[in-house]
Amino acid sequence: MRITVETSVAAPIDQVWRAYTTPADIVNWNAASDDWHTTRATVDLREGGAFSSRMEAKDGSMGFDFAGTYTKIVEHKRIEYAFGDRKAEVEFVPGPNGVVVRVVFDAETTHSVEQQQGGWQAILDSFARYVEAKKKMP
């Protein structure tokens with residue numbers, strides 16, 4: 001089963017792309033809730049390159065690595081990657097009011113579809129808030 005989440009980001013495509021693919025930015029937005037955070041991220045943004053994010057509960061009670069390999073990169077348009085035996089695609093669609101970022105991913109069997117969709121949507125919403133707030137900084 002495939003799950004789709006998306007958000008609209010009121011910022012230019014170059015800023016959206018950079019925030020999505022730069023480790024220093026990823027650690028600022030990659031969390032589904034305020035009690036979690038990403039402590040480190042690595043990105044080798046090329047086909048065959050690896051990425052990894054360490055996500056941890058702020059109270060130190062648990063954490064996990066989200067890692068995979070990029071399978072297709074089309075700058076400012078599309079990122080495809082494999083993580084474990086699953087795949088995901090991220091689409092960047094510029095429009096008059098910013099950029100729609102759409103993520104389609106293979107569901108896993110441990111958590112409900114609603115939990116997975118909610119978690120990934122929360123991360124994408126956090127991404128949009130981060131980019132829009134960063135855009136306003138001098």
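Each remark here, short or long, concerns the structure printed above.
Each residue is numbered by its place in its chain's sequence as written, counting from 1. Local features in a predicted model are, by the rule used here, given only for residues with pLDDT of at least 70; side-chain atom pairs are given and counted only at 80 or more, and totals for whole chains, interfaces and linings are based on all residues. The basis for the side-chain values is all heavy atoms of the structure; hydrogens and waters are excluded.

S.K.: Describe the side chain of Asp25, listing the residues and the values that go with them.
M.R.: Inspection of the secondary structure assignment puts Asp25 in helix α2 (residues 23-29). The cut-offs for exposure are 20% and 50% of the maximum accessible area for each residue type, with area from a 1.4 Å probe on protein chains only; residues under the lower value are buried, those over the upper are exposed, and the others partly exposed. With a relative accessible area of 5%, Asp25 lands in the buried category. Elements are defined by DSSP. Helices are runs of H or I of four residues or more, strands are runs of E of two residues or more, and each kind is numbered from the N terminus.

S.K.: So what's going on with the nonpolar core? Which residues, and what values?
M.R.: Among buried residues, those of type Ala, Val, Leu, Ile, Met, Phe, Trp, Tyr and Cys that are joined through side-chain atoms within 4.5 Å constitute a nonpolar core. Ranked by internal contacts, the top residues of the largest apolar core, which has 32 residues, are Val16, Tyr20, Ile79, Tyr81, Phe92, Val101 and Phe127. Considering every element that reaches this core, the biggest residue donor is helix α3 (residues 113-136), with seven residues. Pairs of residues are marked as contacts when any of their non-hydrogen atoms sit within 4.5 Å. In this structure Tyr81 touches Phe51, Phe66, Thr69, Tyr70, Thr71, Arg86, Lys87, Ala88, Val90 and Trp120, once residues within four positions along its chain are discounted.

S.K.: Which residues make up the pattern of salt bridges, and what values do they have?
M.R.: One speaks of a salt bridge when a side-chain nitrogen belonging to Lys or Arg is within 4 Å of a carboxyl oxygen belonging to Asp or Glu. For the structure on display, the rule yields ten salt bridges. Here Glu80 makes a salt bridge to Arg78, at a shortest N to O gap of 2.6 Å. Sharing partners across several salt bridges, the network here consists of Arg40, Arg54, Glu56 and Asp65.

S.K.: Summarise the packing of aromatic side chains; cite the residues concerned and give the values.
M.R.: Here a pair means two rings of Phe, Tyr or Trp (six-membered ring of Trp) with centres within 6.5 Å. Their orientation is stacked below 30 degrees between planes, edge-to-face above 60, and tilted elsewhere. Scanning the entire structure with this criterion turns up 15 aromatic pairs. Taking the centre distance of 5.4 Å and the plane angle of 85 degrees together, the rings of Tyr20 and Phe92 count as edge-to-face. In this pair, Tyr20 is assigned in helix α1 (residues 13-21) and Phe92 in strand β6 (residues 86-95), connecting sequence segments 72 residues apart. For the pair formed by Tyr20 and Phe92, the shared burial category is buried. Measuring from centroid to centroid gives 6.1 Å for Phe83 and Trp120, while their planes differ by 40 degrees, and the two rings are tilted. Pair noted here: Phe83 is in strand β5 (residues 78-83) and Trp120 is in helix α3, with a separation of 37 residues, a long-range link. Here Phe83 matches Trp120 in class, with each residue buried. Pairwise contacts between aromatic rings join Phe51, Phe66, Tyr70, Tyr81, Phe83, Phe105 and Trp120 into one cluster.

S.K.: Would you mind going over α3 in detail, with residue names and values included?
M.R.: Multiplying 1.5 Å by the residue count of a helix minus one yields the expected span of that helix. With 24 residues, α3 should cover 34 Å at 1.5 Å per step; its first-to-last C-alpha distance of 35 Å lies within 8% of that length. For α3, the full list of buried residues reads Gln116, Trp120, Ile123, Leu124, Ser126, Phe127, Ala128, Tyr130 and Val131.

S.K.: Go over the layout of surface pockets with me, naming the residues and quoting the values.
M.R.: The computed volume of the largest pocket comes to approximately 980 Å³. Along the wall of the largest pocket there are 36 residues; nearest its centre are Met55, Phe64, Phe66, Trp120 and Ile123. At the level of secondary structure, the elements contributing two or more residues to the lining of the largest pocket comprise α1, α2, β2 (36-43), β3 (50-57), β4 (63-74), β5, β6 and α3. Residue composition of the lining of the largest pocket, by class: 22 nonpolar, eleven polar and three charged. Both cavities and pockets are sets of points on a 1 Å grid over the protein atoms alone; in a cavity a 1.4 Å probe fits but cannot get out, in a pocket the set is open with protein on both sides within 12 Å along at least five of seven lines, and lining residues sit with an atom within 4 Å of a point. Grid points are joined across faces, edges and corners, and a volume is the space filled by probe spheres set on the points. Classes in brief: Ala, Val, Leu, Ile, Met, Phe, Trp, Tyr, Cys and Pro nonpolar; Asp, Glu, Lys and Arg charged; the others, Gly included, polar.

S.K.: Just give me the short version of the pairing of strand β1 (residues 2-9), but keep the residues and values in it.
M.R.: Of the two faces of β1, only the one carrying Ile3, Val5, Thr7 and Val9 is buried; Arg2, Thr4, Glu6 and Ser8 on the other face are not. A pair of strands counts as paired when DSSP detects no fewer than two bridges linking them. In terms of strand pairing, β1 meets strand β7 (residues 98-106) through eight bridges, oriented antiparallel. When the sheet's bridge partners are listed, Val5 is paired in β7 with Val103.

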